[in-house]
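Chain and residue survey
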Amino acid sequence: MVTVRSATRADATRVVQIYVDSWNDGFGDLMPSIEVSDARIARWADTLADGNWWVAELDDTIAGFVGIGPSRDPIDPALGELDTIAVDPAYWRQGVGKALMQKALQALSDTYPEAILWTLANYPQGQTFYESTGWTPDGNSRDNGHQVSYRRRF
C-alpha cells in the first residue's frame, strides 16, 4: 500500500536519486543524462524544506515525490503549478504516481482555481499519465517548442 507524507530535508538524498533515475530512464534520448551530486542534494534539501512537497512510500522505501507551488510561467499567483512529480523506475506502474498526483491535485485545488504543468514535447509516457489524471494540453509551448503545457481546472 502506498502512503504519502510531507517531505523533509532529510529525504533529499533519496529524492535526488529518484529524480536522477526517473529523468535518465524516462526521458531517454530526449534529454541529456544527469547525475547525483552533493550540490544537487543540497539544492533539493532546501527545496523540500520550503513545504508543499510530499514523498510516497511503498515497502518502507521512498518510491516517488511530488511538489506544487504558484505558477512560475506564466507568473500568476492565482494559477498553481505542478512543479515536479517523479517515481523511482523500480516502482513504475504500481500506483505511486497516481497516489502522488492525487495528493498534488488535492493541495492545488485547496489554493488555486486552476493549475498548469510543463512537460517535454514528444514525451508520450508523461503526457498519457497527465491526461489520465485530468490534465488537458492547452496549446502553449516554450523553449522553442521543446516543452508543452497542460492545465487543470478545479
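These figures come from a predicted structure and were not determined experimentally. (Residues numbered from 1 in each chain as written. Predicted model: local features only at pLDDT ≥ 70, side-chain atom pairs only at ≥ 80, totals over all residues. Heavy atoms only, no water.)

**Describing the overall build of the chain**
What counts, and what does not: Secondary structure elements are taken from DSSP: a helix is a run of H or I of four residues or more, a strand is a run of E of two residues or more, and numbering for both begins at the N terminus. For a compact globule the rule gives 2.2 Å times the number of residues to the power 0.38, and the radius of gyration it is set against comes from C-alpha atoms. Only protein chains enter the accessibility calculation, which uses a 1.4 Å probe; a residue is then buried when its area is under 20% of its type maximum, exposed when over 50%, and partly exposed in between. The contact definition used throughout considers only heavy atoms, calling two residues in contact when any of these lie within 4.5 Å. Computed with the Shrake-Rupley method and a 1.4 Å probe, the accessible areas treat only the protein chains shown as cover for residues. Here the positive residues are Lys and Arg and the negative ones are Asp and Glu; neither His nor the chain ends is included. By convention, the charge on Lys lies at NZ, on Arg at CZ, on Asp at CG and on Glu at CD.
The helix and strand inventory of the chain stands at four helices and seven strands. When its helices and strands are written in sequence order, the chain yields β-α-α-β-β-β-α-β-α-β-β. In summary, the chain has a C-alpha radius of gyration of 15 Å against a globular reference of 15 Å for 154 residues, a match within 12%. The principal-axis extent of the C-alpha atoms belonging to the chain is close to 35 × 35 × 30 Å. Within the chain, buried positions represent 46% of all 154 residues. Contacts spanning at least 24 positions in sequence make up 63% of the contacts within the chain whose residues lie at least 6 apart. Carbon together with sulfur atoms contributes 47% to the accessible area of the chain, which is approximately 8200 Å² in total. Here the chain carries 13 positive and 21 negative side-chain charges, and the mean point of each set is 4 Å from the other.

**Digging into the nonpolar core**
In a soluble, globular protein the nonpolar side chains are often hidden away together inside. What counts here: As used in this record, nonpolar core signifies buried Ala, Val, Leu, Ile, Met, Phe, Trp, Tyr and Cys residues forming a set joined through side-chain atoms within 4.5 Å.
Leu82, Val96, Tyr130 and Trp135 are the most contacted members of the largest nonpolar core, which totals 25 residues. At the level of secondary structure, the elements contributing two or more residues to this core comprise strand E2 (53-58), strand E3 (61-72), strand E4 (75-87), helix H3 (96-111), strand E5 (114-120) and strand E7 (147-153). Residues within four places of tryptophan 135 in sequence aside, it is in contact with Leu82, Met101, Leu105, Leu108, Ala115, Ile116, Leu117, Tyr130, Tyr150, Arg151 and Arg152.

**With respect to the packing of aromatic side chains**
The line we're drawing: Think of it this way: a Phe, Tyr or Trp ring, Trp meaning its six-membered ring, pairs with another when their centres are within 6.5 Å, and the plane angle makes it stacked under 30 degrees, edge-to-face over 60, tilted otherwise.
One pass over the structure, following the stated rule, counts ten aromatic pairs. With a centroid separation of 5.3 Å and 55° between ring planes, the pair formed by tyrosine 19 and tryptophan 44 is classed as tilted. In this pair, tyrosine 19 is assigned in helix H1 (residues 12-27) and tryptophan 44 in helix H2 (residues 38-49), connecting sequence segments 25 residues apart. Residue classification places tryptophan 44 among the buried residues on the basis of a relative accessible area of 10%. Between tryptophan 44 and tryptophan 53, the ring centres sit 5.2 Å apart and the planes meet at 90°, which makes this aromatic pair edge-to-face. Of the two residues, tryptophan 44 and tryptophan 53, neither departs from the other in class, the shared state being buried. An aromatic cluster is defined as three or more aromatic residues linked by ring pairs; in this entry it consists of Tyr19, Trp23, Phe27, Trp44, Trp53, Phe65 and Tyr123.

**Focus: the side chain of serine 22**
So the rule is basically this: Within 3.5 Å is the distance limit for a polar contact, defined as a pair of N or O atoms, with the added protein rule that one can donate a hydrogen and the other accept it, and that residues adjacent in sequence qualify only through two side-chain atoms.
For serine 22, the location among the structural elements is in helix H1. With relative accessibility at 13%, the residue serine 22 sits in the buried group. At 3.3 Å, the side chain of serine 22 forms a polar contact with the backbone oxygen of tyrosine 19.

**What about the packing of H1 against H2?**
For clarity, the cut-off: The axes are straight lines fitted to the C-alpha atoms, using for helices just the contacting stretch, and the angles between their N-to-C directions are given from 0 to 180°. Angle categories: roughly parallel below 35 degrees, roughly antiparallel above 145, roughly perpendicular from 65 to 115, and oblique for all the rest. In this scheme, a crossing is called left-handed if the near helix is turned counterclockwise away from the far one by less than a right angle; it is called right-handed if the turn is clockwise. Residue polarity is assigned by list, with Asp, Glu, Lys and Arg as charged and Ala, Val, Leu, Ile, Met, Phe, Trp, Tyr, Cys and Pro as nonpolar; anything else, Gly included, falls into the polar class.
Two elements in contact, H1 and H2, have axes whose closest approach is 9 Å; the angle formed by their N-to-C orientations is 110°. In terms of axis orientation, H1 runs roughly perpendicular to H2. Seen along the crossing, H1 lies across H2 with a hand that is right-handed. Contact with H1, carried on its side by Ala12, Thr13, Val15, Val16, Tyr19 and Val20, involves Arg40, Ile41, Trp44, Ala45 and Leu48 of H2 and no other residues of that element. Residue classes in the contact of H1 with H2 are distributed as nine nonpolar, one polar and one charged.

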